[in-house]
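Chain residues, written in single-letter form:
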Amino acid sequence: MPDSYPDRGAPLLDVTDVRVAYGDLVAVWEVSLQLRPGGITALVGRNGAGKTTLINGLCGLLPVRSGTVLLDGRDITALPPWARVSRGLTVVQEGKRVFRELTVRDNLVLGLRGGGVKRGERESELERLYARFPILGDRQRQRAADLSGGQQQMLAIATALATRPRVLLVDEPSSGLAPVFVDLVFEALAALRDEGLAILLVEQLVDEVLGGIAEDVIVLDRGRVVVRDRASNLSVEDVATSIYSSL
Ligand SMILES: Nc1ncnc2c1ncn2[C@@H]1O[C@H](COP(=O)(O)OP(=O)(O)OP(=O)(O)O)[C@@H](O)[C@H]1O
């Protein structure tokens with residue numbers, strides 16, 4: 001089980017022995033991982049394995065009890081979420097989180113503000129986002145609540161991109177989506193990877209993960225890493241077995 005990939009450049013996000021807990025319940029035990037620019041690492045595991053807890057520790061929504069999180073070599077372990085966003089680490093939380101009563105455009109503007117984009121640059125940034133997600137351009141004046149589930153997920157991803165991240169943490173983006181939107185979400189993530197983002201992707205669709213989108217796979221079980229390998233070295237059966245072996 002290789003712990004690092006020294007041939008692939010310096011990590012952008014370097015996580016070492018991170019522990020996250022709810023009171024006395026430790027949900028993530030000393031997890032380490034590294035994300036590099038232009039790569040997707042898939043984080044898989046059964047329900048309750050600790051995936052969301054880890055994501056929330058990395059983005060600052062939950063405190064990290066011990067261990068370190070370095071972004072570009074700088075220690076961000078204790079920074080609040082907004083400070084991590086302004087340094088280039090943004091999360092797309094589980095469940096298509098958007099401000100439902102705001103328009104598509106106003107959701108995106110909130111993202112732009114979160115990323116410190118200056119007022120004078122907003123329109124060009126919005127155009128850039130609409131070019132990537134044309135459906136959002138078409139619906140920019142509509143309330144987010146009036147979008148379909150798949151469109152809301154697109155908006156959640158676009159709002160995260162509005163902060164101009166270098167590291168993107170994406171928690172189960174395919175959850176509850178029709179297959180056509182699952183494909184669109186994965187296409188969008190692959191394009192972002194190809195543009196140089198470092199992406200940590202929580203995903204239940206193991207076939208999709210191993211089918212080309214992720215280069216590295218980490219399996220969590222009861223808060224611990226039980227498999228860490230290149231996706232090309234793993235079969236769907238390997239991963240499924242490691243996810244469910246302790247049931
Ligand atoms: N707010 C909370 N308070 C206390 N315990 C929690 C809380 N949220 C999660 N847990 C517990 O932490 C552990 C990890 O949960 P987590 O949601 O991180 O798992 P997960 O792998 O993301 O699962 P899922 O795929 O169902 O989202 C579980 O035992 C869960 O019951």
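In the nomenclature of an unreviewed UniProt entry, the protein is known as ABC transporter ATP-binding protein of Phytohabitans houttuyneae.

A.B. asks: Describe in detail the overall build of the protein, supporting the description with residues and values.
C.D. replies: Helix and strand counts for the protein come out as 9 helices and 10 strands. A compact globule built from 247 residues should have a C-alpha radius of gyration of about 18 Å, and the protein, at 17 Å, falls within 12% of that. By its C-alpha atoms, the protein is 50 × 40 × 35 Å across when sized along the principal axes. Expressed as a percentage of the 247 residues in the protein, the buried residues total 44%. Considering only intrachain contacts with a sequence separation of at least 6, the fraction spanning at least 24 residues in the protein is 69%.

A.B. asks: Lay out the sheet that holds strand 3 (residues 39-44) with the relevant residues and their values.
C.D. replies: Sheets are built from strands that pair by backbone hydrogen bonding, the pairs being arranged parallel or antiparallel. In spatial order, the strands read 6-7-8-3-9-10; together these 6 strands make up an open sheet with mixed pairing. Taken across any chain shown, the strands that pair with only one partner, and hence form the sheet edges, are strand 6 (89-92) and strand 10 (224-230). This sheet shows a mean twist of 15 degrees between the axes of neighbouring strands, independent of strand direction. Where strand 3 and strand 8 (residues 198-202) come together, 5 bridges link them in parallel fashion. The residue of strand 8 that forms the bridge with Ala-42 is Leu-201.

A.B. asks: I'd like a rundown of the domain arrangement of the protein, residues and numbers included.
C.D. replies: Often the size quoted for an interface is simply the accessible area lost on bringing the parts together. The assigned domain composition of the protein is domain 1 (10-88 + 165-244) and domain 2 (99-162). Domain 1 and domain 2 are separated by 24 Å when their C-alpha centres are compared. At the interface, 13 residues of domain 1 touch 10 residues of domain 2. Secondary structure elements with two or more residues in the side of domain 1 that touches domain 2: helix 2 (81-87) and helix 7 (179-194). Of the residues assigned to the side of domain 1 that touches domain 2, the class counts are 11 nonpolar, 2 polar and no charged.

A.B. asks: Tell me about helix 8 (residues 206-213), residues and numbers included.
C.D. replies: Turning to helix 8, its buried residues number three or more, namely Val-206, Val-209, Leu-210 and Ile-213. Angular distribution of buried residues about the axis of helix 8 spans 145 degrees; they occupy a single face of the element. Of the exposed residues in helix 8, those oriented more than 90 degrees away from the buried face are Asp-207, Gly-211 and Gly-212. Elements that come into contact with the buried residues of helix 8 comprise strand 3, helix 7, strand 9 (216-221) and helix 9 (236-244).

A.B. asks: How would you summarise unusual backbone geometry if you had to cite specific residues and measurements?
C.D. replies: Note: most peptide bonds trans; most residues except glycine with negative phi. Look at Asp-17: it is not a glycine, yet its phi comes out positive at around 50 degrees. Mapped onto the secondary structure, Asp-17 falls in strand 1 (residues 13-22). Although it is not a glycine, Asp-72 sits at a positive phi angle of roughly 55 degrees.

A.B. asks: Pulling in residues and values, what's your account of the pairing of strand 4 (residues 66-71)?
C.D. replies: Examined bridge by bridge, strand 1 and strand 4 share 5 bridges and lie antiparallel to one another. The residue of strand 4 that forms the bridge with Asp-14 is Leu-70. Counting the residues between successive antiparallel strands, the hairpin from strand 4 to strand 5 (residues 74-75) contains 2 residues, one of them, Asp-72, with a positive phi of roughly 55 degrees.

A.B. asks: Summarise the site of the ligand; cite the residues concerned and give the values.
C.D. replies: As a structural note, the neighbourhood of the ligand is formed by Tyr-22, Leu-25, Ala-27, Gly-45, Asn-47, Gly-48, Ala-49, Gly-50, Lys-51, Thr-52 and Thr-53. If you list the elements that add at least two residues to the shell around the ligand, you get strand 2 (25-35) and helix 1 (51-59). For the shell around the ligand, the element with the most residues is helix 1, which contributes 3 residues. The residue makeup of the shell around the ligand, split by class, is 4 nonpolar, 6 polar and 1 charged.

A.B. asks: Give me the pairing of strand 1: which residues, what numbers.
C.D. replies: By the bridge criterion, 7 bridges tie strand 1 to strand 2 in an arrangement that is antiparallel. Bridged to Asp-14 within strand 2 is Gln-34. The turn joining strand 1 and strand 2, which pair antiparallel and follow one another in sequence, is formed by 2 residues; a positive phi near 60 degrees is taken by Gly-23.

A.B. asks: Tell me what's going on with the sheet that holds strand 1, and back it up with residues and numbers.
C.D. replies: Taken together, the 4 strands give an open sheet; going across it, the order is 2-1-4-5, and neighbouring strands pair in antiparallel fashion. Of all strands in the sheet, those with a lone pairing partner are strand 2 and strand 5, marking the two edges.

A.B. asks: Break down the packing of helix 3 (residues 104-114) against helix 6 (residues 149-162) for me, citing the residues and quoting the values.
C.D. replies: Between helix 3 and helix 6, the shortest axis-to-axis distance is 7 Å and the interhelical angle comes to 35 degrees. Crossing hand, helix 3 versus helix 6: right-handed. In contact with Val-104, Asn-107, Leu-108, Leu-110, Gly-111 and Leu-112 of helix 3, helix 6 contributes Leu-155, Ala-158, Thr-159, Ala-160 and Ala-162. Residues of the contact of helix 3 with helix 6, tallied by class, amount to 8 nonpolar, 3 polar and no charged.

About the thresholds
- Residues numbered from 1 in each chain as written.
- Predicted model: local features only at pLDDT ≥ 70, side-chain atom pairs only at ≥ 80, totals over all residues.
- Helix = DSSP H or I, 4+ residues; strand = E, 2+ residues; numbered from the N terminus.
- Rg over C-alpha atoms; globule rule 2.2 N^0.38 Å.
- Buried ≥ 20, exposed ≤ 12 C-beta atoms within 10 Å, placed from the backbone.
- Contact = placed C-beta atoms within 7 Å.
- Pairing = 2+ DSSP bridges.
- Axes fitted to C-alpha atoms, helices over the stretch in contact; angles between N-to-C directions.
- Domains from an automatic or database assignment.
- Nonpolar A, V, L, I, M, F, W, Y, C, P; charged D, E, K, R; others polar.
- Arc of directions from axis to C-beta.
- Near = placed C-beta within 6 Å.
- Left-handed = near helix turned anticlockwise from the far one by under 90°.

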